[in-house]
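The chain contents come next:
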Amino acid sequence: MNNRFRFDCIGYGLFLGLILLVVPWALDFDGFELNTFARYLTLGMVAMALALSWGGAGILNLGQAATFGLGAYIMAMHLKLKASAHMPDGMPDFMGWTNVESLPWFWEPFHSLPVTILAGFLVPVLLAAVIGIFMFRGRITGVFVAIITLAFLVAIQLVFIEEQRYTGGFNGITGLAPLELFGWSVDNYSLSFYYFVSGCLIAALVLALGLVRSKVGLVLRAIKEDPARVRFFGYDVARYETLAFCASAAIAGWAGMLYVLVLQFASPTYMGVPFSLAIVIWCAVGGRESLVAAALGGIIVNMLEGRLSDLFVDGWTLFLGALFILVVLVMPRGLYGLFQNLLERVTEFYRQARAERRETLASAQSIVSEPTDKGGR
Amino acid sequence: MPAGPAARDSRPPGPYVGWISMDAFFNQAFAGLSMASILLMVALGLAIIYGAMGVINLAHGEFVMLGAYSAWLLQTYFGFSILVSLPVVFLMVALIGLAVERGVVRWLYHRPLDTILATWGIGIVLQQLVRMGVGTDSRYVARPTILDGNVVLGGVVMSNYRIFVVVFSIAVLAATWYLLTRTEYGTRLRAVIQNKEISECYGIRSERVYAMTFAYGAGLAGIAGALVTPLVSVTPTMGTYLVVDAFLVVILGGVGSLMGTAVAAGLVGEATALFSFLLNDTLGRVAVLCAIILLIRFMPQGLFPDRVRR
């Protein structure tokens, strides 16, 4: 365990160095490239959020995109209001097209940035809490969790597309103003913005790791292995599961808010089934058991997509599907499991080699010290 | 197909109960039945695969899509009518299903949750292959000319083709029931479902049974896809959302129960039509999804629980 912890720490260090130093340097501090990479970071963040509930507690949430999308829409609403300040009544343009007379009440609070940020966390958490209590109190597990979360995702996306007057429908919310944070007007094509996003990712990782490495995380891992046994020990399994579900939703909402800052629009495709299952793919490719690995999975797959889809426009999706089938078949624990096996094999090899050397050394010494003995043959 | 508010405002002639036009109501009920029959055929294949192997086949929607494209292919290049091409479509998609089972799914029988992921990957691949081979344009397939025309009962207009689809789906249900309960293959399958190891001791090759079952389920999806072609446009993504609905139907009906799947398909189809009539199409779907989620939450065994002891 200690050994493994040491490897994990080395992994964290490498990850930090990679996203804070190597990437900006490799991208030549170019604003456009950094913006693209900031996008990968936010997608890595939502993959990490999924790993928190899937790898951490065994809850396969196929509706992770719902909480991500909620965070995205909340941030987009704030920025849209800022961009529409000069419009009559400060109404967003798409509301004018659909004959909405006055700003709906649930848009009002988003004039204020603190409320927006708070809502960006709390609304996804609230949704997750409702769904979580609903499911886990009924001791729903496994496949049923997957199907129910998927059904919720479809329902939520349908509502967002249907209520075009309030959400922009299929087009989503576009034409956003830049965010102003403590008097700093965020330019999403700058180095400072990249560091802002990577700082958020690292903060989220630290918080999530704190949860995973705490006693709560231990109970959650136990629930993943055998919920009935944990229940016999007197733990309230549903409460722990809901907690993991909510923590995952909070991080997903956070990532959604950042995603809108990066791309400058919100679209209902963020809540689509294909996007939601793509999150699962990233998480599985990286390795669901480790948060950092899942985040890396999100970053790597999207980076490959960014590079390869330019080269092979059609072939890319085919490659993604095939890659995913391969990952599930050949390395069910993802890249993380692959590396762990490799490391274990290497350390085992060295340990054996060292033990052998010590043995031969010891026997050689015994021969030297007792030359008259019959031993040694 | 009249949708709720519009039908209310235009006030079609005919008898009324309150503000509800009876003609519009029954037309909507028939639309629901027609939707239910397609849902039934999609869900039936899914139910067999899930019931027998515990495999959640998210590529099922893509099997439907492949069936639709096969029908289009046979009509465009060989001039086959849909009725003629149905057996061919069944065989084609069943063969693809067999390949998928032999290539990927059979390695995952002991990891049911991972089948969700792997079959989604298969779905992506199949969808992209079609997109590259045929293109992304919508395709249309003509209705067989024998089934042109409508049956008019009072103010209710029922197209012959939709009636045919309803009857055909019931026939497929009956055939599947016969296959599972009255043939040797069905007996073997039920034995493997109950206890795989002991059936193997009796000389049943469970691997072969699984492969045949997967192929049969895929073939049913293919037929469903071929049958919807005159009703909807054929696109590479047509199956993606269908599989979610079909899965809810399977779980609602109760795993391993053919009757349950049939009743659940009928309920979901009619409920969608009813809610669409009262609210609108989208909110109707949302309401049905929420209702199904509630039902699954409180009756996780489904409407018709499987009473076989395992």
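Residues numbered from 1 in each chain as written. Chains lettered and ligands numbered in written order. Predicted model: local features only at pLDDT ≥ 70, side-chain atom pairs only at ≥ 80, totals over all residues.

Draft legend 1. Geometry of the overall build of chain B. For chain B, the helix and strand inventory stands at 12 helices and 4 strands. In terms of C-alpha radius of gyration, chain B reaches 20 Å, essentially the compact-globule figure of 19 Å for 310 residues. Counting only C-alpha atoms and orienting by the principal axes, one finds that chain B spans roughly 65 × 50 × 35 Å. Counting every position in chain B, which comprises 310 residues, the buried fraction comes to 50%. (Helix = DSSP H or I, 4+ residues; strand = E, 2+ residues; numbered from the N terminus. Rg over C-alpha atoms; globule rule 2.2 N^0.38 Å. Buried ≥ 20, exposed ≤ 12 C-beta atoms within 10 Å, placed from the backbone.)

Draft legend 2. Summary view of the overall build of chain A. For chain A, the count of helices and strands is 15 helices and 2 strands. With the principal axes as the frame, chain A shows a C-alpha extent of 105 × 55 × 45 Å. Looking at chain A residue by residue over its 377 residues, the buried ones come to 44%. Of the contacts formed within chain A by residues at least 6 apart in sequence, a portion of 80% connects residues at least 24 apart. (Contact = placed C-beta atoms within 7 Å.)

Draft legend 3. Spatial organisation of the packing of helix H11 (residues 258–278) of chain B against helix H12 (residues 281–298) of chain B. Residues and elements named next belong to chain B. Contact geometry of H11 with H12 gives a least axis separation of 7 Å together with a crossing angle of 135 degrees. One finds that H11 runs oblique with respect to H12. Crossing hand, H11 versus H12: right-handed. When H11 is examined against H12, the residues Val268, Ala271, Thr272, Phe275 and Ser276 are found in contact with a partner set consisting of Asp281, Gly284, Arg285, Ala287, Val288, Ala291 and Ile292. (Axes fitted to C-alpha atoms, helices over the stretch in contact; angles between N-to-C directions. Parallel < 35°, antiparallel > 145°, perpendicular 65-115°, else oblique. Left-handed = near helix turned anticlockwise from the far one by under 90°.)

Draft legend 4. Region of interest: the interface of chain B and chain A. On the side of chain A, 35 residues touch chain B, which itself brings 36 residues to the contact. At the level of elements, helix H5 (112–134), helix H10 (240–253) and H12 of chain B are the ones that each hand at least two residues to the side of chain B that touches chain A. Here the side of chain B that touches chain A gets 15 residues from one element, more than from any other, and that element is H5 of chain B. Here the side of chain B that touches chain A is built from residues that sort into 27 nonpolar, 4 polar and 5 charged. (Nonpolar A, V, L, I, M, F, W, Y, C, P; charged D, E, K, R; others polar.)

Draft legend 5. Representation of unusual backbone geometry in the model. Residue and element names in this part refer to chain A. With phi around 55 degrees, Arg139 is a residue other than glycine that occupies positive phi space. Along the chain, Arg139 falls in the loop between helix H5 (113–136) and helix H6 (142–162). Of note in this structure, Gln264 is not a glycine but carries a positive phi near 65 degrees. Here Gln264 lies in the loop between helix H11 (237–263) and helix H12 (273–286). When the 17 C-beta atoms within 10 Å are taken as the criterion, Gln264 is described as partly exposed.

Draft legend 6. The nonpolar core, seen in detail. Counting 216 residues, the largest nonpolar core has Met48 and Ile251 of chain A as the members making the most contacts within it. When near neighbours in sequence (up to four residues on either side) are disregarded, Ile251 of chain A contacts Met45, Met48, Ala49, Leu52, Ala204 and Ala208 of chain A. (Core = buried A, V, L, I, M, F, W, Y, C linked by C-beta atoms within 7 Å.)

Draft legend 7. Inspection of the environment of Leu52 of chain A at higher detail. With respect to the element layout, Leu52 of chain A can be found in helix H2 (residues 31–57). Sequence separation of Leu52 of chain A and Leu291 of chain A is 239 residues, and the distance between their C-alpha atoms is 6.6 Å.

Draft legend 8. Expanded view of H11 of chain A. Residues and elements named next belong to chain A. Helix length check: H11, at 27 residues, gives a terminal C-alpha distance of 39 Å against a target of 39 Å (1.5 Å per residue), a fit within 8%. Counted residue by residue, H11 has 24 buried out of 27 residues, so it is predominantly covered. Residue Gln264 follows H11 closely and has a positive phi angle near 65 degrees. (Expected span 1.5 Å × (residues − 1).)

Draft legend 9. Representation of the pairing of strand S3 (residues 150–153) of chain B in the model. Residue and element names in this part refer to chain B. Summarising the sheet, S3 and strand S4 (residues 156–159) pair through 4 bridges and their orientation is antiparallel. In the strand pairing of S4, Val151 is matched with Met158. Counted along the chain from S3 to the antiparallel partner S4, the turn is 2 residues long, and its residue Gly154 has a positive phi close to 60 degrees. (Pairing = 2+ DSSP bridges.)

Draft legend 10. Quick peek at the environment of Asp93 of chain A. All names here are of chain A. Within the secondary structure layout, Asp93 lies in helix H4 (residues 93–97). With 13 C-beta atoms counted inside 10 Å, the residue Asp93 sits in the partly exposed group. Put simply, Asp93 and Ala76 are 17 residues apart on the chain and 13 Å apart in space, counted from C-alpha to C-alpha. Ignoring any residue separated from it by four or fewer positions in sequence, one finds Asp93 in contact with Ser84, Met87 and Gly175.

Draft legend 11. Just the confidence of the model for chain A, in detail. A residue-level look at chain A finds 97% of positions with pLDDT of 70 or above and a mean pLDDT of 86. Taking the mean pLDDT of every element in chain A, the minimum, 74, falls on strand S2 (residues 184–185) of chain A and the maximum, 94, on H11 of chain A. (pLDDT = per-residue confidence, 0-100.)

Draft legend 12. Structural view of the environment of Gly272 of chain A. With respect to the secondary-structure elements, Gly272 of chain A resides in the loop between H11 and H12. Placed 182 residues apart in sequence, Gly272 of chain A and Gly90 of chain A show a C-alpha to C-alpha distance of 30 Å.

Draft legend 13. Main features of the confidence of the model for chain B. Residue and element names in this part refer to chain B. Confidence in the prediction for chain B averages 86 pLDDT; 94% of positions are at 70 or higher. pLDDT under 50 marks residues 1–8. Its contacts with residues more than four places away, or in other chains, come to 17 contacts. Model confidence for the complex: the whole-complex pTM is 0.86, and ipTM, which rates the interface, is 0.84.

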